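Coordinates in review
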Amino acid sequence: MNFLRSASSLALRPSSHILTRRAALPATSFAVRHLSDSTKKTIEDAVNNNKLVVFMKGTPDAPQCGFSRAVMQILTVQGVDMQNSLKSFNILADEELRSGIKEYSSWPTIPQVYINGEFVGGCDIMLNMHQSGELEKLLLKEGLVEPEAEENPRA
């Protein structure tokens, strides 16, 4: 009985030693992996072989969430040729891709935009880059949009 009393009193007292021991214990005994080798290859091939890739809900012509719609509108306003420059994936059509892309990028939300093999971000980041002018610079640098023709004012 004394052992139980002393053990329970230890558990109730804050102690760095006890907390350290508890923190050292693993949270789970196994890790869940959503990204299969085939899905990883699909993502890597798309990202590495296309200048602009968007993993989104729906399609560019029919986005199925407001964030995906906003990213498509931003790209359109920027002047991206949506037919020839954009490779998109509807993650709603493939549950493995939906969970796998989040693991691949370590980013929890959709849409996800990749430019020239690099993860750029989602809707909020794209909106901020659009508003600051950074997105236009990046799209120009990567050849995804043409520079605007300067107007020649008549003298």
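Think of each chain on its own: its residues are numbered from 1, step by step along the sequence as written. Two thresholds apply to this predicted model, a pLDDT of at least 70 for residue-level local features and 80 or more for giving and counting side-chain atom pairs, whereas whole-chain, interface and lining totals are computed over all residues. For side-chain calculations, the full set of non-hydrogen atoms in the structure is used, while hydrogens and water are omitted.

**Considerations on the confidence of the model for the protein**
For clarity, the threshold we go by: In predicted models, pLDDT denotes the confidence assigned by the predictor to each residue on a 0 to 100 scale. Contacts are assigned to residue pairs with any non-hydrogen atoms lying within 4.5 Å of each other.
Across the protein, the average pLDDT comes to 84, with 75% of residues at 70 or higher. A low-confidence stretch, residues 1–25 stays under pLDDT 50, and its non-local contacts, those more than four residues away or across chains, total 3 contacts.

**Points about unusual backbone geometry**
Applied cut-off: Put simply, DSSP marks the helices as runs of H or I at least four residues long and the strands as runs of E at least two long, and each gets a number from the N terminus on. Residue burial is assigned from relative accessible area. The probe radius is 1.4 Å, only protein chains are included, and a residue is buried under 20% of its type maximum, exposed over 50%, and partly exposed in between.
That bond from Ile-110 to Pro-111 is cis: its omega, 10°, falls within 30 degrees of zero. Checked against the element boundaries, Pro-111 lands in the loop between helix H5 (95–105) and strand S3 (112–115). Positioned with a positive phi, Ser-106 is a non-glycine residue whose angle comes to about 60°. Checked against the element boundaries, Ser-106 lands in the loop between H5 and S3. For Ser-106, a relative accessible area of 63% gives the class exposed. For Asn-116, which is not glycine, the phi dihedral falls at a positive 50°. Its location among the elements puts Asn-116 in the loop between S3 and strand S4 (118–121).

**A few points about the pattern of salt bridges**
Test applied: What makes a salt bridge here is a side-chain nitrogen of Lys or Arg within 4 Å of a carboxyl oxygen of Asp or Glu, nothing more.
Following the criterion strictly, the structure yields 2 salt bridges and no others. Glu-142 is the partner of Lys-141 in a salt bridge, and the nearest nitrogen-oxygen pair spans 3.7 Å. Given a relative accessible area of 66%, Lys-141 falls into the exposed group. Its relative accessible area of 12% is what places Glu-142 among the buried residues.

**A look at the nonpolar core**
Rules: Only buried Ala, Val, Leu, Ile, Met, Phe, Trp, Tyr and Cys residues count toward a nonpolar core, and they belong to the same one when joined by side-chain atoms within 4.5 Å.
Leu-52, Val-54, Val-71, Met-72, Leu-75, Ile-115 and Met-126 are the most contacted members of the largest nonpolar core, which has 21 residues in total. When contributions to this core are tallied by element, the ones reaching two or more residues are strand S1 (52–56), helix H4 (66–78), S3, helix H6 (123–132) and helix H7 (134–141). Of all the elements, H4 adds the most residues to this core, at 4 residues. Apart from the residues within four sequence positions on either side, Met-72 is in contact with Val-54, Met-56, Pro-60, Pro-63, Met-82 and Leu-86. In this structure, Leu-35, Val-47, Phe-55 and Phe-89 belong to the second largest nonpolar core, which totals 12 residues.

**A word on the sheet that holds S1**
Threshold: Strands qualify as paired when DSSP identifies two bridges or more between them. For helices, the axis comes from a line fit to the C-alpha atoms of the stretch in contact; other axes are also lines fit to C-alpha atoms, and the angle between any two N-to-C directions lies between 0 and 180 degrees.
Strand order in the open sheet formed by 4 strands is S2-S1-S3-S4, and the pairing between neighbours is mixed. Two strands lie at the open edges of the sheet, namely strand S2 (86–90) and S4, each paired on one side alone. Mean inter-strand twist for the sheet, computed between neighbouring axes without regard to direction, equals 25°. Judged from the 5 bridges that link them, S1 and S2 form a sheet pairing that is parallel. Residue pairing across strands places Val-53 opposite Lys-87, the latter belonging to S2. The strands touched by H4 within the sheet are S1, S2 and S3, with S1 carrying the most contacts at an inclination of about 160°.

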